[in-house]
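# What the coordinates show
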Amino acid sequence: MKSWGALAGLAMLIGTMSGCGGGGGGGGGGGFPIVPVAAMTVSVSVNGTLASADSAGQYAVEPGDTVEITPSMAAEWSSSASETGAITLRNPAITANKWSARLVSTSGAQVTYTVSAKGSTNAALTKDTVLKVAPADTRNGEYKVWATNGTQQKLALNFDTTTYEMTDAAGIVTSDGFSADPGDAGTWIFKNSKITSAANTARFRVTDEAVVGSFPFEAPQVPATYVVQPFVASRSLVTAQAELDGAYNRLGVNYNATTRDSQIRQVEVSGGGTVFKQCSEVAIYAVANCPAASTMTYAVSAGTTAGSWNYVNIANAEDRAAFTVALVGGQKVMLASGLSQTGSDRVFRIGVLDDAAWPTNVARGGDTHGAWGTLALADPNGTGSLLRPDGGTESISYSFTPLGGVVAPPGLRSSGASPNAYFAVRNSKLSVVVGARGNHGGYMHFGLID
């Protein structure tokens, strides 16, 4: 339905006066000629360039295009869409002499959007401009975020307008634009006023239903201080409990205002998603090989939101936490961000299914020092280069080897000796490296594999 603005002014009266009858063989009566009324016309431009309608009289536009419609006379405007709610306007500037706006679509299908002009002084004069809006970018939408600063947030991306919104747990929204990284196809750069370093290392990459990147989040336990830190985001969560099962090699970081620490262990979900187990040994065990006295068993239940799960120690109800299993490029990834049980630390956990295979691949992502770059993994070595916030570059090199013995998870690798060791896990889409407790505690780097 079209909704008009203020009522139009009085319509022009157009009449024809009949001539008086003649006499005495005179000719037919004379009269005033009918005065033709000029039709309303419009000119249409898309992104500043004059556009032409197709054979059906429609103008082809892409989501994110800015359209200007200029009428031949002052007009009032209304609009309608073939799909209710599919089109919204960004930066509208609508006056009697011009209609201008950027079109944003939320539809995966083509939508027609009709902008109707009606003469301000003659309501009988109207003109419809039909815009044929292409389907929206499939990457558009909202993603749930797990950040290494120990928070959960929401990221809304719009590739048609190259804009984003990051919403924190308190509902505070940070919005701005993003642009393609000219030096790395498939990488996008966040624009954000909180980034004051020499180099902007806030970037992201997208895979099926997921985003991996770095963003200027609040520093863990340091209010009003912002530093670029990694995050994983997904809009595809495992909501069927039976699909949670698996042995996950899980890496984590713990932060408070002054110290940082790491966690490296395997956890296991079994029994159709009803049982959660982990090993309390200092050594790193596969859960299946953990001594019985050190095996901690938890009951799993659904959380308050779809895709969130709680687990409670069956021997100590005070020992409880939560997790989510998200799909990143079709791969199951266990994620958790939040406060520790004591409330003293911010914690982040990320785990992938145990797999001894270690194929060659390249991952791109960020680290908790605010750097961004690549890590090429080839059994047993890992090498890469990172752009630091100060604008310098840093080379990284690891020699990852299995932990050894028969009790450790086969898919968990280490590099170096404690306290200078690093640990790594991976699947076909994610690579994650964490520093060992000690000299590199609290350090994490992860990236999306090409």
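What counts, and at which threshold
Residues numbered from 1 in each chain as written. Predicted model: local features only at pLDDT ≥ 70, side-chain atom pairs only at ≥ 80, totals over all residues. Heavy atoms only, no water. Helix = DSSP H or I, 4+ residues; strand = E, 2+ residues; numbered from the N terminus. Buried < 20%, exposed > 50% of the residue type's maximum accessible area, 1.4 Å probe, protein only. Contact = heavy atoms within 4.5 Å. Areas by Shrake-Rupley, 256 points an atom, 1.4 Å probe, with all protein chains shown as cover. Lys, Arg positive; Asp, Glu negative; His and termini not counted. Charge placed at Lys NZ, Arg CZ, Asp CG, Glu CD. Pairing = 2+ DSSP bridges. Axes fitted to C-alpha atoms, helices over the stretch in contact; angles between N-to-C directions. pLDDT = per-residue confidence, 0-100. Salt bridge = Lys/Arg side-chain N within 4 Å of Asp/Glu carboxyl O. Core = buried A, V, L, I, M, F, W, Y, C linked by side-chain atoms within 4.5 Å. Phe/Tyr/Trp six-rings, centres within 6.5 Å; stacked < 30°, edge-to-face > 60°. Lys NZ or Arg CZ within 6 Å of the ring centre and 35° of its normal.

Broken down by element type, the protein chain carries zero helices and 34 strands. Its C-alpha atoms put the protein chain at 130 × 50 × 40 Å along the principal axes. When each of the 450 residues of the protein chain is scored for burial, the buried share is 47%. Once local pairs closer than 6 in sequence are excluded, the contacts in the protein chain between residues at least 24 apart make up 50%. When the accessible surface of the protein chain is split by element, carbon and sulfur atoms take 53% of a total near 20500 Å². One finds the centroid of the 29 positive side-chain charges in the protein chain at a distance of 2 Å from the centroid of its 33 negative side-chain charges.

A word on the environment of S385. Among the secondary structure elements, S385 is positioned in strand β28 (residues 381-387). S385 gets classed as partly exposed once you look at its relative accessible area, which sits at 35%. Not counting residues up to four positions away in its chain, the partners in contact with S385 are W372, G373, T374, T393, E394, S395 and I396.

Moving on to the sheet that holds strand β23 (residues 316-328). With antiparallel pairing, the eight strands of this closed barrel are ordered in space as β18-β19-β20-β21-β22-β23-β24-β25. Along the sheet, successive strands turn relative to each other by an average axial angle of 30°, direction set aside. By the bridge criterion, eight bridges tie strand β18 (residues 246-255) to strand β25 (residues 346-353) in an arrangement that is antiparallel. Within the sheet, the bridge partner assigned to Y255 lies in β25 and is R346.

Glancing now at the side chain of T368. Mapped onto the secondary structure, T368 falls in the loop between β26 (361-367) and β27 (372-378). Classification of T368 as buried rests on a relative accessible area of 7%. Once residues within four sequence positions are removed from consideration, T368 is found in contact with T148, P230, Y255, R260, G442, Y443 and M444.

Turning our eyes to something else, we now look at the confidence of the model for the protein chain. Should pLDDT be low for a region, the predicted coordinates there are not to be read in detail. Overall, the prediction assigns the protein chain a mean pLDDT of 91, with 92% of residues at 70 or greater. Segment residues 1-28 is flagged for pLDDT under 50; beyond a separation of four residues in sequence, or across chains, it makes 39 contacts in the model.

Right, let's get into the sheet that holds strand β8 (residues 111-119). Strand order in this open sheet of four strands is β3-β9-β8-β5, and the pairing throughout is mixed. Sheet topology places β3 (58-61) and β5 (75-81) at the edges, where each strand pairs with a single neighbour. The sheet shows a mean angle of 25° between the axes of neighbouring strands, direction not considered. Relative to strand β9 (residues 126-133), β8 runs antiparallel, the two being bridged by eight bridges. Note on β9: the bridge partner recorded for V111 is V133.

A few words now on unusual backbone geometry. With an omega of 10°, the peptide bond between D379 and P380 qualifies as cis. Along the polypeptide, P380 turns up in the loop between β27 and β28. Notably, N47 is not glycine yet its phi reads approximately 55°, a positive angle. Tracing the backbone through its elements, the reader meets N47 in the loop between β1 (42-46) and β2 (49-50). Here the phi dihedral of A224 falls at roughly 65°; this positive angle occurs in a residue that is not glycine.

Looking now at the pattern of salt bridges. Here the structure, examined in full by the defined rule, presents 12 salt bridges. In this structure, D54 and K132 form a salt bridge, with 2.9 Å as the shortest nitrogen-oxygen distance. With D54 in the loop between β2 and β3 and K132 in strand β9, this residue pair connects regions lying 78 residues apart in the sequence. A relative accessible area of 22% places K132 in the partly exposed class. In this structure, R364 engages D450 in a salt bridge whose closest nitrogen and oxygen atoms are separated by 2.4 Å. Here R364 is found in strand β26, whereas its partner D450 is found in the segment after β34 (444-449), with 86 residues between them in sequence. Taking the relative accessible area as the measure of exposure, D450 reaches 55% and is therefore exposed. The network of salt bridges with common partners includes D184, R205, R364 and D450.

What follows is about the nonpolar core. One finds L251, L335, F348, I350, F423 and M444 to be the most contacted residues of the largest nonpolar core, which totals 27 residues. When contributions to this core are tallied by element, the ones reaching two or more residues are β16 (210-218), β18, β23, β24 (331-339), β25, β32 (422-426), β33 (430-435) and β34. When near neighbours in sequence (up to four residues on either side) are disregarded, I350 contacts V232, N249, R250, L251, V333, M334, L335, L430, V432 and M444. One finds V67, L103, Y113 and A117 within the second-largest nonpolar core, a separate group that totals 22 residues.

Looking at where N289 falls in the secondary structure, it is placed in the loop between β20 (275-279) and β21 (295-302). Sequence separation between N289 and V406 is 117 residues; the distance between their C-alpha atoms is 8.3 Å. Beyond its immediate chain neighbours, meaning those up to four positions away, N289 contacts V406 and V407.

Here we take up the pairing of β9. A regular strand places its side chains on the two faces of the sheet in alternate fashion. In the sheet, β3 pairs with β9 via four bridges, with the strands oriented parallel. When the bridges of β9 are listed, Q58 appears paired with V130. From the end of β8 to the start of β9, which pair antiparallel, there are six residues.

The next point concerns the pairing of β27. Across six bridges, the pairing between β26 and β27 is antiparallel. Within β27, the residue paired with G365 across the bridge is G373. Taking the residues that link successive antiparallel strands as the turn, the β27-β28 hairpin has two residues.

Turning to the packing of aromatic side chains, a few remarks are in order. Counted under the stated rule, the structure contains 22 aromatic pairs. Consider the rings of F159 and F178, whose centres lie 5.1 Å apart with planes at 70°: the pair is edge-to-face. Taken as a pair, F159 in the loop between β11 (151-158) and β12 (163-167) and F178 in strand β13 (residues 173-180) lie far apart in primary sequence, 19 residues in all. Taken as a pair, F159 and F178 share a single burial class, namely buried. On the basis of an interplanar angle of 90° and a centroid distance of 5.5 Å, the ring pair of F178 and W188 is categorised as edge-to-face. Linking F178 in strand β13 with W188 in strand β14 (residues 188-190), this pair joins segments that are 10 residues apart in sequence. Site record: aromatic cluster; members linked through ring pairs are F159, Y164, F178, W188, F190, F204, F215, F217 and F231. In this structure, R139 packs its charged tip against the face of F159, placed 3.8 Å from the ring centre. Over the aromatic face of W358 sits the side chain of R426, whose NZ or CZ is 5.7 Å from the ring centroid.

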